[in-house]
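Structure at a glance
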Amino acid sequence: MSTSSATRTPDKKKKPLPYFMQKSEDAALPSFQNRRTLADHVKDNMLCAGRKRYFQRIVYVGRHPKVTGMTLRDRFLKLIKDLQECTTNEIKLFGLMINFDGYTVHMVESAEETIGEYMHTLAACDLFEDSRVVLVYNNINQRFFRKLVWRASDYLNELPRTELDQRDPNLTQNTIDAFLVKVYKLCKMVREEELDESKSRHRKPSGERVILIGSAFKSLYLDENYEEHTPDIGVLEYLLGLKCLFTVPEYAMFYGKLPDVTSFRDRVWPIPKDLTPYDVFETGKYDVNLTFGGK
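The paragraphs below set out a description of the structure included in this document.

The rules behind these values
Residues numbered from 1 in each chain as written. Predicted model: local features only at pLDDT ≥ 70, side-chain atom pairs only at ≥ 80, totals over all residues. Heavy atoms only, no water. Core = buried A, V, L, I, M, F, W, Y, C linked by side-chain atoms within 4.5 Å. Buried < 20%, exposed > 50% of the residue type's maximum accessible area, 1.4 Å probe, protein only. Helix = DSSP H or I, 4+ residues; strand = E, 2+ residues; numbered from the N terminus. Contact = heavy atoms within 4.5 Å. Expected span 1.5 Å × (residues − 1).

With that out of the way, let us pick up the nonpolar core. Inside soluble globular proteins, nonpolar side chains tend to come together where they are buried. Counting residues in each nonpolar core, the largest one holds 36 residues, and the members touching the most others are Val61, Leu96, Val134, Phe145, Phe179 and Leu239. Among the secondary structure elements, those contributing two or more residues to this core are strand S1 (55-63), strand S2 (94-99), strand S3 (103-111), strand S4 (130-138), helix H4 (171-200) and helix H5 (233-240). No other element matches the 9 residues that H4 contributes to this core. If near-sequence neighbours (up to four positions away) are discounted, Leu239 is found in contact with Val61, Arg132, Val134, Thr175, Ile176, Phe179 and Leu245. The next biggest cluster of nonpolar side chains, apart from the first, holds 21 residues, and it includes Ile58, Met97, Val133 and Tyr251.

Set out below in structure tokens:
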């Protein structure tokens, strides 16, 4: 017996294919007229990952008036709370914010527009004596954290300072690389700690009772296990003195604006060894125009 078409269950709505699998009239064009741009690849990757937003990661360091790490935490918490109360962005701020006595090392992740709004808000406040944006990572594939995690430390002044060889031509790049390696290591360690904490707080039913496994207390302070991977004051002060890195206010002014020829003058990191100066063909007041072989 054959069932009537009226009794058949309707087919489920199929999900649209990724951009690069969709057939269109462009497929019939010659290859030289159908070249894909970087934006096409980014769009495809986001579709395959099931994301509609462009995520960013930013690492910045700051120096503050002499206050404790927990006091800095409270000030940043208030700033972020005020931002989230008035923002229209749905995606919140994620990341790891480590506050030392007088210094901060923050790694924030979120949608591009959320980070842009946060940096503008941060630049408008008076929390920093000095600051530098060390890393801007666009279109990250995976986040370290699904929430905003805070840590404080009071052992920064006890760490031995790194001796930096000012004669090393690769000092800037090597110092930034070593700093970012330590920051990423701290992020991984704190993330594992957060995962262990969530497992220990898992509630398991036993009859009519609910048993709390492990301790519900979590320390907001970094212990001695993190000292080896913590950038010392010598490294932080060196980064804060680099003129090739944007300060937080400078980056906030630059963020969201179309760049022109003057946007990256001496502010691009890393600077190639064979970088041709941007003003090599400009003539100044005291320049002499030399010609050879002519009469």
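Glancing now at the environment of Tyr226. Structurally, the position occupied by Tyr226 is in the loop between strand S7 (209-212) and H5. C-alpha of Tyr226 to C-alpha of Leu186: the two residues are 40 residues apart in sequence and 7.1 Å apart in space. With near-sequence residues (within four places) excluded, Tyr226 lies in contact with Tyr155, Leu186, Met189, Val190 and Glu193.

Attention now moves to helix H3 (residues 112-124). In a regular helix each residue adds 1.5 Å, so 13 residues correspond to 18 Å; H3 covers 19 Å between its end C-alpha atoms and thus fits that length. The set of residues buried in H3 consists of Thr114, Ile115, Gly116, Tyr118, Met119 and Leu122. If you follow the buried residues of H3, they end up packed against S1, helix H2 (69-86), S2, S3, S4 and helix H6 (248-254).

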